[in-house]
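Results of the structural survey
Below, each chain spelled out in residue letters.
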Amino acid sequence: MVLDDLGTSLRSSLDKLQGKTRLDEDDVEEIVKEIQRSLLSADVDVSLVMELSSSIESRALEEEPPGGTTARDHVLKIVYEEMVALVGDSTELPLENQTILLAGLQGSGKTTSAAKMAWWFSKKGLRPAVIQTDTFRPGAYDQAKQMCERAEVDFYGDPDGDDPVEIAREGLEATADADVHIVDTAGRHALEDDLIAEIEEIEGVVDPDRSLLVLDAAIGQGAKEQAKQFESSIGIEGVVITKLDGTAKGGGALTAVNETGSSIAFLGTGETVQDIERFEPSGFISRLLG
Ligand code: GDP
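Residues numbered from 1 in each chain as written. Predicted model: local features only at pLDDT ≥ 70, side-chain atom pairs only at ≥ 80, totals over all residues. Heavy atoms only, no water.

1. Focus: unusual backbone geometry
We note that Asp-43 has phi near 75 degrees; this positive angle belongs to a residue other than glycine. The exposure class of Asp-43 is partly exposed, given its relative accessible area of 26%. Phi is positive for Asp-207, close to 45 degrees, though the residue is something other than glycine. Looking at the secondary structure, you find Asp-207 in the loop between helix H8 (193–206) and strand S5 (210–216). (Buried < 20%, exposed > 50% of the residue type's maximum accessible area, 1.4 Å probe, protein only. Helix = DSSP H or I, 4+ residues; strand = E, 2+ residues; numbered from the N terminus.)

2. Some thoughts on the layout of surface pockets
Here the largest pocket defines a volume of roughly 340 Å³. Put simply, the parts of the chain that give the lining of the largest pocket at least two residues each are helix H5 (110–123) and helix H6 (140–151). The dominant element in the lining of the largest pocket, judged by the number of residues it contributes, is H5, at 5 residues. Within the lining of the largest pocket, the residues separate by chemical class into 1 nonpolar, 13 polar and 7 charged. Its boundaries defined by the atoms lining it, the second largest pocket holds a volume of some 150 Å³. Residue lining of the second largest pocket: Leu-48, Glu-51, Leu-52, Glu-82, Ala-85, Leu-86, Val-87, Gly-88, Leu-254, Val-257 and Asn-258, and that is the complete set. Take the lining of the second largest pocket: its biggest share by element is 4 residues, from helix H4 (residues 71–87). (1 Å grid on protein atoms, 1.4 Å probe; cavity = no way out; pocket = protein on both sides within 12 Å on 5 of 7 lines; lining within 4 Å. Points joined across faces, edges and corners; volume = space filled by probe spheres on them. Nonpolar A, V, L, I, M, F, W, Y, C, P; charged D, E, K, R; others polar.)

3. Observations regarding a nonpolar patch on the surface
There is a patch of nonpolar side chains on the surface, built from Leu-40, Val-46 and Met-50 and spanning about 250 Å² of accessible area. Relative to the helices and strands, Leu-40 is located in helix H2 (residues 25–41). (Patch = residues over 30% accessible without salt bridge, like charges linked within 9 Å, V, L, I, M, F, W, Y side chains within 5 Å. Areas by Shrake-Rupley, 256 points an atom, 1.4 Å probe, with all protein chains shown as cover. Salt bridge = Lys/Arg side-chain N within 4 Å of Asp/Glu carboxyl O.)

4. Here's the deal with the pairing of strand S7 (residues 264–268)
Of all 5 residues in S7, 5 are buried, a share of seventy percent or more. In the classification by handedness, the crossover that spans strand S6 (residues 238–242), the intervening helix H10 (residues 253–260) and the parallel S7 is right-handed. Of the pairings in the sheet, the one linking S7 to strand S8 (residues 276–278) comprises 3 bridges and is antiparallel in character. Within S8, the residue paired with Phe-266 across the bridge is Arg-278. (Right-handed = clockwise from strand over helix to strand, strands pointing away. Pairing = 2+ DSSP bridges.)

5. Brief notes about the confidence of the model for the protein chain
Of all residues in the protein chain, 97% have pLDDT values of 70 or greater, and the mean over the chain is 93. Overall fold confidence (pTM) sits at 0.94, and the ipTM for the predicted complex is 0.99. (pLDDT = per-residue confidence, 0-100.)

6. Here's the deal with the site of the ligand
Residues in contact with the ligand amount to 18 residues; listed here are only the nearest, Gly-107, Lys-110, Thr-111, Thr-112 and Asp-245. For the ligand, an oxygen atom lies 3.1 Å from a polar atom in the side chain of Lys-116. Here Gly-268 contributes a backbone N or O atom positioned 3.3 Å from an oxygen atom of the ligand. With the chains in place, 81% of the 580 Å² that the ligand exposes on its own is no longer accessible. Comparing atom positions with the cavity grids shows the ligand to sit within the largest pocket. The greatest single-element share of the shell around the ligand, amounting to 4 residues, is contributed by H5. (Near = heavy atom within 4 Å. Polar contact = N/O pair within 3.5 Å; in protein donor to acceptor, adjacent residues only side chain to side chain. Sits in = over half its atoms within 2 Å of the grid points.)

Listed below in structure tokens is the structure:
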């Protein structure tokens, strides 16, 4: 079956259906409860969990299992389909010339993700360049430069510059030979008006093909406000979830996906430039339910 890595409680609820051809309300309720428990502990927003539960419930009770399908397989298929609808497909990323702008709070993993994404594009045969416009965080320049060296990709930054918009403009010129421009921006500890004004200005200068919001997997309800703000200021086409190698399951990021009407582009799974994966629904779903 598609979901081979289910949590033990959900698996045992499903296993109780072994041999059954029909589901009754108690069976469905038990399964839905297990799913709710897993998703809520993975930081998925309550209202998203409730929506998903009611779709699973009504489909499991109303839809006839196709001939030869056991009740267990039928409900598992419904759960999988509804989970896919919840997490969405991965953000479309054509392998062609493009400019990508990264947004997010300080510490979310933007700089690391910029270098990782550049590494990823380089492995796809493109020539990426990272442009570091973060003049706010001490060390951002050195960090980006070192990571880009490790990734063996082009890099532009100005350690003495204090105007991010100017750096963005110069960076695009200096890296004109690159196919994919990844523009890293400064974060702040919290959403502040000057941060939003700055990223809007940078967006105006670089005219990105897509802007991605970088979120730490451990983000909970804070995802909503951030997503709203960045969506209304620059428009968000995709989300990058970082630090999935830790214990957090990243369900909070789904709030941002929902809020921005976007999708998940990449997952960050460690501190080195190779620790990046393209988002793929089934692995993420297994993790949320596991
Ligand atoms: P920025 O302020 O948004 O640019 O964040 P950074 O890229 O500097 O990342 C903040 C911290 O998180 C750094 O110590 C990174 O090494 C770490 N980090 C970023 N992505 C990941 C990840 O996927 N896994 C782990 N374990 N650490 C990460």
